[in-house]
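# Structural characterization, general
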Amino acid sequence: AASFGALIRDIGQGDGLVAVEARDRSANPLRGVQLRVTLERPADQRLDRSATLVEISPGRHEARLADLAAGQWDVIVDVREEGMRAFRRRSRILLP
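Residues numbered from 1 in each chain as written. Predicted model: local features only at pLDDT ≥ 70, side-chain atom pairs only at ≥ 80, totals over all residues. Heavy atoms only, no water.

## Regarding the overall build of the protein chain
Short version of the rule: Where helices and strands are cited, they refer to DSSP runs of H or I of at least four residues and of E of at least two residues respectively, numbered from the N terminus. Type-normalised accessible area, obtained with a 1.4 Å probe on protein chains alone, sets the label of each residue: buried when under 20%, exposed when over 50%, and partly exposed for intermediate values. It only takes one pair of heavy atoms within 4.5 Å for two residues to be counted as in contact. Surface exposure here means Shrake-Rupley accessible area, sampled with a 1.4 Å probe, where a residue is shielded only by the protein chains that are shown.
Broken down by element type, the protein chain carries zero helices and eight strands. Listed N to C, the secondary structure of the protein chain is β-β-β-β-β-β-β-β in terms of helices and strands. Within the span of the protein chain, comprising 96 residues, buried residues form 36% of the whole. In the protein chain, once contacts between residues fewer than 6 apart in sequence are set aside, the share between residues at least 24 apart is 52%. Of the accessible surface of the protein chain, which amounts to about 5800 Å², a share of 47% is contributed by carbon and sulfur atoms.

## Considering the environment of Arg 41
To keep things clear, this is the line we draw: The term polar contact refers here to a pair of N or O atoms within 3.5 Å; inside protein, the definition further demands a hydrogen-donor-capable atom paired with an acceptor-capable atom, and it admits residues adjacent in sequence only when both atoms are side-chain atoms.
Note on placement: Arg 41 falls in the loop between strand E3 (34-40) and strand E4 (49-52). The class of Arg 41 is buried, set by a relative accessible area of 16%. Residues Arg 41 and Asp 74, 33 residues apart in the sequence, show an inter-C-alpha distance of 6.4 Å. In contact with Arg 41, other than residues within four places in its own chain, are Leu 47, Asp 48, Ala 69, Ala 70, Gly 71, Gln 72 and Trp 73. A distance of 2.9 Å separates the side chain of Arg 41 from the backbone oxygen of Ala 70, its partner in a polar contact.

## A look at the nonpolar core
Side chains that are nonpolar tend, in soluble globular proteins, to be buried together. We count it as follows: Here, nonpolar core means buried Ala, Val, Leu, Ile, Met, Phe, Trp, Tyr and Cys residues that are tied together by side-chain atoms lying within 4.5 Å of each other.
In this structure, Val 18, Leu 35, Val 37, Leu 39, Leu 53 and Leu 65 are the most contacted members of the largest nonpolar core, which totals 18 residues. At the level of secondary structure, the elements contributing two or more residues to this core comprise strand E2 (14-24), E3, strand E6 (60-68) and strand E7 (71-81). In this structure, Val 37 is in contact with Val 18, Arg 49, Ser 50, Ala 51, Leu 53, Leu 65, Val 75, Ile 76 and Val 77, ignoring residues within four places of it in sequence.

Structural data, given as structure tokens:
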């Protein structure tokens, strides 16, 4: 199985950079996978945002999301290999 760490940084008034590190059990970068991130607002699904992440270096994928309000968000990262979902990670974050 793979391991994934999602990091959201550069959050300002509205925009944020989502960076995801995708690695295998041996900590080697996963290459050739497609990642999609969705940020869901538990209180108001009209504010949900999603994007396909771009691999910027081996195992590191990034996307910029706009209009992120302060408060709680559910972050869902889907990893696809050969057109099929191979892994999903869900976590809750609090944006300042």
